[in-house]
Amino acid sequence: MKRLLKPEDASVLVLKPGPRGGYPDALIGSSGTPQPFTAPERAAIDIPKHAAGQAPSATLPAMETATLSNGIKLVHYTMPEAPMVYVAASAAGGWNSVPEGKEGLLELAASMATRGAADRGSADFAKAASDIGAGVSHQAGTLATMMTLGVPPEKLDQGIGLLADAVLKPRFDKTEWTVLMAQTVDWLNGREADLPGVAGRMAKATLIPQVPGKAAVDWSAKALASISLDEARDAFKAAFTPKAVTFYSVGPMPVATVAASLEKAFGAWTSDTAGYAVEPSPAAHFNGGQKVLLVPEPGASQSALFVARPAPGTDESERAESTAVSNLLGADFSSRLNSVIREEKGYSYGVSSYLMSPMKAGSGLVVATTVERANTGPAITEVLKGFAGLTTLPVAQDEVDRTVTVYRRALAGSAETSAGLFSSLIGAVGSGSTLEDQQTRMAARTKLTLDAVQKQALALASLDPSLIVVAGDPDVVMPQLAAIGLKDVEIVKRDEAGEETAMRALDLLGGNRQAPLSASPWRVGDGGTTRAVHACAGERDCGAQIHAD
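Report follows, based on the coordinates. As the structure is a computational prediction, the values presented were derived from the model and not from experiment. (Residues numbered from 1 in each chain as written. Predicted model: local features only at pLDDT ≥ 70, side-chain atom pairs only at ≥ 80, totals over all residues. Heavy atoms only, no water.)

**Notes on the overall build of the chain**
Right, so step 1: Counting secondary structure elements, the chain contains 18 helices and 14 strands.
Right, so step 2: The proportion of buried residues among the 549 residues of the chain is 47%.
Right, so step 3: Across the chain, contacts joining residues at least 24 apart in sequence account for 81% of those joining residues at least 6 apart.
Right, so step 4: With an accessible surface of roughly 27,100 Å², the chain has 55% of that area assigned to carbon and sulfur atoms. (Helix = DSSP H or I, 4+ residues; strand = E, 2+ residues; numbered from the N terminus. Buried < 20%, exposed > 50% of the residue type's maximum accessible area, 1.4 Å probe, protein only. Contact = heavy atoms within 4.5 Å. Areas by Shrake-Rupley, 256 points an atom, 1.4 Å probe, with all protein chains shown as cover.)

Next comes the structure, spelled out in structure tokens:
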């Protein structure tokens, strides 16, 4: 910056707030007279200049392994300049491994292990971690459940001691269980106010039907209510056993240092329990023809749309090419559908498209968006035109180049930070993959050719078979669906016993139960959306809106 800019030519902008009402003086009053200060001189850092168009590259740290005396394997990646070391105790078995009716069991159990361990209750355990700059958390994937640690390198032994307490001596206090269950119920109710989430979950449940004896694809109030503290404790003990656990770590020290620290804390750990069986993620099933579902949300000011058709799974050929097709449809604001639905028509803030995961075979290409309810039919029409356009408007080279560029950047940044590398690592493990396999998949997307993507676009153009799900006000939406030729519409009710509609969850229709809009602190990814705030005469809404955050 010093080479390009002249500090002596810099200007100073001072922003002074105008009159404010109702704020205490502590927030708006001056705390003193501003005094100038001089920042210490720092050595300039040379930033390499790449030639225009040069593809950035990065190499993963070499995978190193070690084995503890009790047979537990450690997989380690050394990043010499990393300011933190990250460790995961990964147990085989995740969401897919629990029996029918106990969905969420392992995630609840892992969460409880962070809420007090050994002789420390929840607050004391959190303070012990905070005092050394560490964090102990959990992550539950479809195929694996993990307890994770992030800690400064010089505090590695102390951090692994806390991790060992969480894995080997979780308290499972009744009070903490009550809090966790209340938070989870709160989150389950609150997510019903998010129409895109409602449409997406209904679509997923339709495409991946319940298999008797196997876990369903989503949480339910009934399953949650059936899980007891004792079941969660037993499930954790069954999952986290030496025969089922693998350690993964990223940090500045060599593998031998991490192994030695783990040996001190976990080396004497023994058990004959085999752990949970790993159940693969089921494929999405599309029946012949086009199926249209409407999830009724009377009074909703918006409609959430979900359109899906079959696509290759993560291990199938043409997955890379299908990713490029998905991206050109709706990955960014310059994509085909966003150019029309967002920029030209103004129906929506944005359209997203993606390939379903983590199924290794039998996935789906999804287009999803949220629109003002009056534009439901026109928006669906444009989505259908977008798929048809894969045949009539051949894929252009610049559309392929955008996907190539995205993955070149991803490859370049894959080992940029220890936190980022660790996140990619445990994400891959949780879905039954490896860091190296992820890297190989990204590399394949940087080598896409126009001919191959054009060929796959033609293969993905047909919407026979396909699934369309709309969540919205049926009185407003149904005439629009009929007007665009979608007359065979199945209305799917979600007001079964123990379930919430958005209006009930938000107490907008006069019910006595009030549920918060956002997810509980331990679970992210679900939030609120725009909707009508009350019903008017004749139980019709007047269009008044709020933005629920």
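There's more to say after this.
**Description of the pairing of strand E7 (residues 290–296)**
Right, so step 1: Buried residues dominate E7, accounting for 5 of its 7 residues.
Right, so step 2: When E7 meets strand E11 (residues 466–472), the two strands line up parallel, connected through 7 bridges. Directly across from Val295, in E11, lies its bridge partner Ala471.
Right, so step 3: One ladder, built from 3 bridges, connects E7 with strand E12 (residues 489–491); its direction is parallel. Paired with Val292 across the two strands is Val489, which belongs to E12. (Pairing = 2+ DSSP bridges.)

**With respect to the sheet that holds E12**
Right, so step 1: Read from one edge of the open sheet, 6 strands run E9-E10-E8-E11-E7-E12, paired in mixed fashion. The open sheet is flanked by strand E9 (351–355) and E12, the only strands paired with a single partner. Taken pair by pair, the neighbouring strands of this sheet meet at an average axis angle of 20°, ignoring direction.
Right, so step 2: One ladder, built from 10 bridges, connects strand E8 (residues 302–311) with strand E10 (residues 363–372); its direction is antiparallel. Within E10, the residue paired with Ser303 across the bridge is Val371.
Right, so step 3: Most of the contacts of helix H6 (residues 195–207) go to E11, to which it runs at about 145°, and overall it touches E7, E8, E10 and E11. (Axes fitted to C-alpha atoms, helices over the stretch in contact; angles between N-to-C directions.)

**Section: the pattern of salt bridges**
Right, so step 1: Enumeration according to the criterion identifies 21 salt bridges in this entry.
Right, so step 2: We note a salt bridge from Glu231 to Lys102, for which the minimum N-O separation is 3.0 Å. Taken together, the residues Glu231 in helix H8 (residues 229–239) and Lys102 in the loop between strand E3 (85–92) and helix H2 (105–113) connect sequence positions 129 residues apart.
Right, so step 3: On the accessibility criterion, Glu231 (30% relative accessible area) is partly exposed.
Right, so step 4: Here Glu279 ties to Lys214 by a salt bridge, and the two come within 3.1 Å at their closest N and O atoms. Separated by 65 residues along the polypeptide, Glu279 in the loop between helix H9 (255–266) and E7 and Lys214 in the loop between H6 and helix H7 (221–226) bring together distant segments of the chain. (Salt bridge = Lys/Arg side-chain N within 4 Å of Asp/Glu carboxyl O.)

**Thoughts on the packing of helix H3 (residues 122–131) against helix H4 (residues 156–168)**
Right, so step 1: Look at H3 against H4: their axes get within 10 Å of each other, and the N-to-C directions meet at 155°. In terms of orientation, H3 lies roughly antiparallel with respect to H4. For the pair H3 and H4, the crossing hand works out as left-handed. Contacts between H3 and H4 pair Phe125, Ala128 and Ala129 from the former with Leu162, Asp165 and Ala166 from the latter.
Right, so step 2: Partitioned by chemical class, the residues of the contact of H3 with H4 number 5 nonpolar, no polar and 1 charged. (Parallel < 35°, antiparallel > 145°, perpendicular 65-115°, else oblique. Left-handed = near helix turned anticlockwise from the far one by under 90°. Nonpolar A, V, L, I, M, F, W, Y, C, P; charged D, E, K, R; others polar.)

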